[in-house]
Amino acid sequence: MLETMLAYKELPAEVTEPLQQLFRWLLWLVETGLIARLAWVGGRAGWEYFRPPPGPPAAPADAVRTLASWIFASVAWPLAGSLLMNLAF
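None of the values given here were measured: they were computed from a predicted structure. (Residues numbered from 1 in each chain as written. Predicted model: local features only at pLDDT ≥ 70, side-chain atom pairs only at ≥ 80, totals over all residues. Heavy atoms only, no water.)

(A) Representation of the pattern of salt bridges within the structure. Summed over all chains, the structure comprises four salt bridges. In this structure, D62 engages R37 in a salt bridge whose closest nitrogen and oxygen atoms are separated by 3.7 Å. Of the two residues, D62 is situated in helix α2 (residues 59-86) and R37 in helix α1 (residues 13-50); the sequence distance between them amounts to 25 residues. Classification of D62 by relative accessible area gives buried; the value is 7%. (Salt bridge = Lys/Arg side-chain N within 4 Å of Asp/Glu carboxyl O. Helix = DSSP H or I, 4+ residues; strand = E, 2+ residues; numbered from the N terminus. Buried < 20%, exposed > 50% of the residue type's maximum accessible area, 1.4 Å probe, protein only.)

So this is what it looks like as structure tokens:
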């Protein structure tokens, strides 16, 4: 029986600190964009409430897509950060 072990070492702090800062800035940028998108969708939902479109309103589906994107972004960045920063093969 051959047993394999995954050998890894942690990256030094001078490498991981800039990466962590980059991930934090990217997350803030994405969240700011999603907040702006959610405000836009809310405004459009109010507009469609007082002036109904001829077809079905698109605002509820846009709100759900924006919130789902927010959840995916909030979950994905720690996973990507841990994979990129904690393992050096």
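Okay, back to it.
(B) Representation of the side chain of E31 within the structure. Position of E31 relative to the elements: it lies in helix α1. If we skip the residues at most four places from it in the chain, E31 touches W70 and S74. (Contact = heavy atoms within 4.5 Å.)

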